[in-house]
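Notes for the structure review
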Amino acid sequence: MNRGPMPASRSARERKAQVSAGPLADVKIEVGPDDQFVYKIHCTECTSPRPGTGERQWGTHRRGEDNGYMAAMDRWIFHLADRHPDADAPCLAYLPQAQQRLQERRTPPSA
C-alpha cells in the first residue's frame, strides 16, 4: 500500500530551516495552539528592546501574525539584507521572491 511521501518531522524541518537561514540564525520550531508549526528564527548578533526588561535577541516571531515557514523566512531574509548585508546564507537567494510577496501584501486588490 502506497501512502505517499512521509511528512518531514519537526526536527528535520528545523535542521533544514537552520541550514537555509545560515550561521547567524538560531532556528526553533514550536507547535502553535492551532497545531500548526510556528517558526522562530533569532539573530545571534542583534537585539531588540523589550519594554520594561531590557533587550532580547531579535527574532521573526510576531504575536498574532503568520509565523509559518514562508513568513518567518521572509522576515529573516529582510533582516539579513538590512542588518547583515555581507552575510552568507542560502536563503538570501530568495530575496527577490520575498520582496515580491511583500509588495503583493502591500498592494490593495483592484476592484
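Before reading further, recall that the structure is shown in the block above.
Read on for an overview of the structure. Just so it is clear, the structure is predicted and the values come from calculations on it, not from any experiment.

**Focus: the sheet that holds strand E1 (residues 25-31)**
In space, the three strands of this open sheet follow the order E1-E2-E3, with antiparallel pairing throughout. Each edge of the open sheet is held by one strand with a lone partner, namely E1 and strand E3 (54-59). Neighbour-to-neighbour, the strand axes of the sheet open up by a mean angle of 45 degrees, direction not taken into account. Across seven bridges, the pairing between E1 and strand E2 (residues 37-50) is antiparallel. Paired with Ile 29 across the two strands is Tyr 39, which belongs to E2. Lying over the sheet, helix H1 (residues 10-21) contacts E1 and E2, oriented at roughly 155 degrees with respect to E1.

**Considering the environment of Tyr 69**
One can find Tyr 69 in helix H2 (residues 69-83). With 58 residues separating them in the primary sequence, Tyr 69 and Ser 11 have C-alpha atoms 14 Å apart. Leaving out residues up to four positions away in the same chain, Tyr 69 has contacts with Ala 17, Ser 20 and Tyr 39.

**Digging into unusual backbone geometry**
Phi is positive for Asp 35, close to 65 degrees, though the residue is something other than glycine. Relative to the helices and strands, Asp 35 resides in the loop between E1 and E2.

**A few points about the packing of aromatic side chains**
Summed over all chains, the structure comprises two aromatic pairs. On the numbers, 5.3 Å between centres and 75 degrees between planes, the contact of Tyr 39 with Tyr 69 is edge-to-face. Placement of the pair is Tyr 39 in strand E2 and Tyr 69 in helix H2, with a sequence separation of 30 residues. A residue is classified by how much of its surface remains accessible, and Tyr 69, at 32% relative accessible area, is partly exposed.

**Looking at the layout of surface pockets**
If you add up the space inside the largest pocket, you get close to 300 Å³. Lining the largest pocket are Lys 40, His 42, Ser 48, Arg 50, Arg 56, Gln 57, Trp 58, Gly 59, Thr 60, His 61, Arg 62 and Arg 63. Class assignment of the residues belonging to the lining of the largest pocket gives a composition of one nonpolar, six polar and five charged. Of the voids in this model, the second largest pocket is the one considered here, and its volume is about 160 Å³. What lines the second largest pocket is Lys 16, Ser 20, Tyr 69, Met 70, Met 73, Asp 74, Ile 77, Cys 91, Tyr 94 and Arg 101. Broken down by secondary-structure element, the contributors of at least two residues to the lining of the second largest pocket are H1 and H2. The element that contributes the greatest number of residues to the lining of the second largest pocket is H2, accounting for five residues. Among the residues making up the lining of the second largest pocket, the classes are represented as six nonpolar, one polar and three charged.

Calculation notes
Residues numbered from 1 in each chain as written. Predicted model: local features only at pLDDT ≥ 70, side-chain atom pairs only at ≥ 80, totals over all residues. Heavy atoms only, no water. Pairing = 2+ DSSP bridges. Helix = DSSP H or I, 4+ residues; strand = E, 2+ residues; numbered from the N terminus. Axes fitted to C-alpha atoms, helices over the stretch in contact; angles between N-to-C directions. Contact = heavy atoms within 4.5 Å. Phe/Tyr/Trp six-rings, centres within 6.5 Å; stacked < 30°, edge-to-face > 60°. Buried < 20%, exposed > 50% of the residue type's maximum accessible area, 1.4 Å probe, protein only. 1 Å grid on protein atoms, 1.4 Å probe; cavity = no way out; pocket = protein on both sides within 12 Å on 5 of 7 lines; lining within 4 Å. Points joined across faces, edges and corners; volume = space filled by probe spheres on them. Nonpolar A, V, L, I, M, F, W, Y, C, P; charged D, E, K, R; others polar.

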